[in-house]
Amino acid sequence: MKHLLKLMDLSAKEINEILNLADQLKFEKKNGIEHHLLKGKTLGMIFEKSSTRTRVSFEVGMYDLGGSALFLSSRDLQIGRGEPVQDTARVLSRYLDGIMIRTFAQKEVEDLATYGSIPIINGLTDYCHPCQVLADLMTIREYKGGFVGNKLCYIGDGNNMTNSLIVGGIKMGMEVSVACPNGYRPDEKLMQWASENGKFTVTDDVLEAAKGADVLYTDVWASMGQESEAEERKRIFKGYQINAKVMEVANEKAMVLHCLPAHREEEITAEVFEAHANEIFDEAENRLHAQKAVLVKCLGE
Ligand code: CP
Ligand code: NVA
């Protein structure tokens, strides 16, 4: 695998291979089995947005794999002062073995891959969040034993998470339903692709989308970069929440996932969040294992 720019670039077979390797790396880590598969390799981590999970799990992941990671904030890099991404890509390719980048425009990630000569991993853009969804799929497989026959329901803003969940869910054979207000739907082209390649529905009716769901998923109403819209979004998204009513119409064994950070009483009630905290924090932990698998596939092969 050369890069991880978006999930659409991966086949179901490649996703399965990443998940299998992630399971193996998780087992080895839990059992103290060293796996220095990236000995001596260095990952640069460019952050143009905040992060807790992505930053820490990539940094620890590289350490676990025998390599090292550099935290590169755009506040300090020349990229933050306007140095073109084309030049940054060519310079960093001379020093590093791979780059993880979290930024706004998907095009910036694609440009890094075009102009650089080392693997590029997307650590979140406004368009998608592939690393998160690989960890989500890993967690769903752990709890449900597989994908086919399961319905994944996303409630909330049709954002980067929704786009990646639709692709990941459909590719792995799950039914995917999305509930979001009109005007805040996921990427139109992705919805079209999902309808042509699997069982996909989009509605503004939360209870309709959640009916019989095996996995319920939500994310913040205002993403990074949308802080100025936060108050307006609170009004628009009111009711697009995972709460007791939603749990009632879902499958009685439904699991609840959240990429975090969570805003209690906005997209999810504190009650539901705490009742499903095991799943949500297993999901957060799995960021580490899934990303180590991605790192091995991109930097090690
Ligand atoms: N879910 C996620 O990507 O978390 P961070 O923003 O903390 O990295
Ligand atoms: N949609 C959120 C995801 C955070 C992990 C954001 O982009 O801020």
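For clarity, every value in this text was computed on a predicted model and none was experimentally measured.

J.: Honestly, the site of ligand 1 in this entry has me stumped. Any pointers?
T.: The environment of ligand 1 is made up of Ser51, Thr52, Arg53, Thr54, Arg102, His129, Gln132, Cys259, Leu260 and Arg287. Separating an oxygen atom of ligand 1 from a side-chain N or O atom of Ser51 is a distance of 2.6 Å. Between Thr52 and ligand 1, the recorded distance is 2.7 Å, taken from a backbone N or O atom to an oxygen atom. More than half of the atoms belonging to ligand 1 lie within 2 Å of the grid points that define the largest pocket. Here the shell around ligand 1 is built from residues that sort into 2 nonpolar, 5 polar and 3 charged.

J.: How should I be thinking about the packing of helix H6 (residues 160-171) against helix H7 (residues 188-197) in this particular structure?
T.: Think of two packed helices as two axes; the pair is described by the angle between the axes and how far apart they sit. Running from amino to carboxyl end, H6 crosses H7 at an angle of 15 degrees, the nearest separation of the two axes being 10 Å. With respect to their mutual orientation, H6 and H7 come out roughly parallel. The chirality of how H6 crosses H7 is left-handed. Each of Asn163, Ile166, Val167, Ile170 and Lys171 in H6 lies in contact with H7, whose residues at this interface are Leu190, Met191, Trp193, Ala194 and Asn197. Of the residues belonging to the contact of H6 with H7, the class tally is 7 nonpolar, 2 polar and 1 charged.

J.: Is there a simple way to think about the site of ligand 2 in this case?
T.: Neighbouring ligand 2 are the residues Leu124, His129, Asn159, Asn160, Asp219, Val220, Ser223, Met224 and Leu260. One of the side-chain nitrogen or oxygen atoms of Asp219 is found 2.6 Å away from a nitrogen atom of ligand 2. Mapping ligand 2 onto the cavity grids shows that it belongs to the largest pocket.

Basis of the calculations
Residues numbered from 1 in each chain as written. Chains lettered and ligands numbered in written order. Predicted model: local features only at pLDDT ≥ 70, side-chain atom pairs only at ≥ 80, totals over all residues. Heavy atoms only, no water. Near = heavy atom within 4 Å. Polar contact = N/O pair within 3.5 Å; in protein donor to acceptor, adjacent residues only side chain to side chain. 1 Å grid on protein atoms, 1.4 Å probe; cavity = no way out; pocket = protein on both sides within 12 Å on 5 of 7 lines; lining within 4 Å. Sits in = over half its atoms within 2 Å of the grid points. Nonpolar A, V, L, I, M, F, W, Y, C, P; charged D, E, K, R; others polar. Axes fitted to C-alpha atoms, helices over the stretch in contact; angles between N-to-C directions. Helix = DSSP H or I, 4+ residues; strand = E, 2+ residues; numbered from the N terminus. Parallel < 35°, antiparallel > 145°, perpendicular 65-115°, else oblique. Left-handed = near helix turned anticlockwise from the far one by under 90°. Contact = heavy atoms within 4.5 Å.

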